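These are the residues of each chain, in order.
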Amino acid sequence: MTVEGARKAGIRVFYVPHHSFEPNDFDSWLHPTAYQLKAKQGQLFAKIYGVGISSDY
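Keep in mind that what you see is a predicted model, and the values were worked out from it rather than measured.

**Student:** Tell me about the overall build of the protein, and please be specific about residues and values.
**Tutor:** Counting its regular elements, the protein contains two helices and zero strands. Within the protein, the proportion of its 57 residues that are buried is 11%. Carbon and sulfur atoms make up 61% of the accessible area of the protein, which amounts to about 5100 Å² in all.

**Student:** Before we move on, can you summarise the environment of Tyr-15 with the specific residues and values?
**Tutor:** The topology assignment puts Tyr-15 in the loop between α1 (3-8) and α2 (34-42). Tyr-15 sits in the exposed class, given a relative accessible area of 61%.

**Student:** How would you sum up the pattern of salt bridges? Please name residues and give values.
**Tutor:** Tallied over the full model, the rule gives one salt bridge. In this structure, Glu-4 and Lys-8 form a salt bridge, with 3.1 Å as the shortest nitrogen-oxygen distance. Remark: Lys-8 and Glu-4 occur in helix α1; sequence separation between them is four residues, near one turn of the helix. The burial state of Glu-4 is the same as that of Lys-8; both residues are exposed.

Each value, and the rule that gives it
- Residues numbered from 1 in each chain as written.
- Predicted model: local features only at pLDDT ≥ 70, side-chain atom pairs only at ≥ 80, totals over all residues.
- Heavy atoms only, no water.
- Helix = DSSP H or I, 4+ residues; strand = E, 2+ residues; numbered from the N terminus.
- Buried < 20%, exposed > 50% of the residue type's maximum accessible area, 1.4 Å probe, protein only.
- Areas by Shrake-Rupley, 256 points an atom, 1.4 Å probe, with all protein chains shown as cover.
- Salt bridge = Lys/Arg side-chain N within 4 Å of Asp/Glu carboxyl O.

Laid out in structure tokens, this is it:
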């Protein structure tokens, strides 16, 4: 279902911004969770420097 289809069906659509990871975000954390450590590896929402692209909101 597309956003337009969801709205036509009366389903509310939410957009949620994600944290833009930086290379050293978790370095000072004493007890990161396994999920956070995995997120550090993937950096799905990482900021990209030097190319004019950023996921900042």
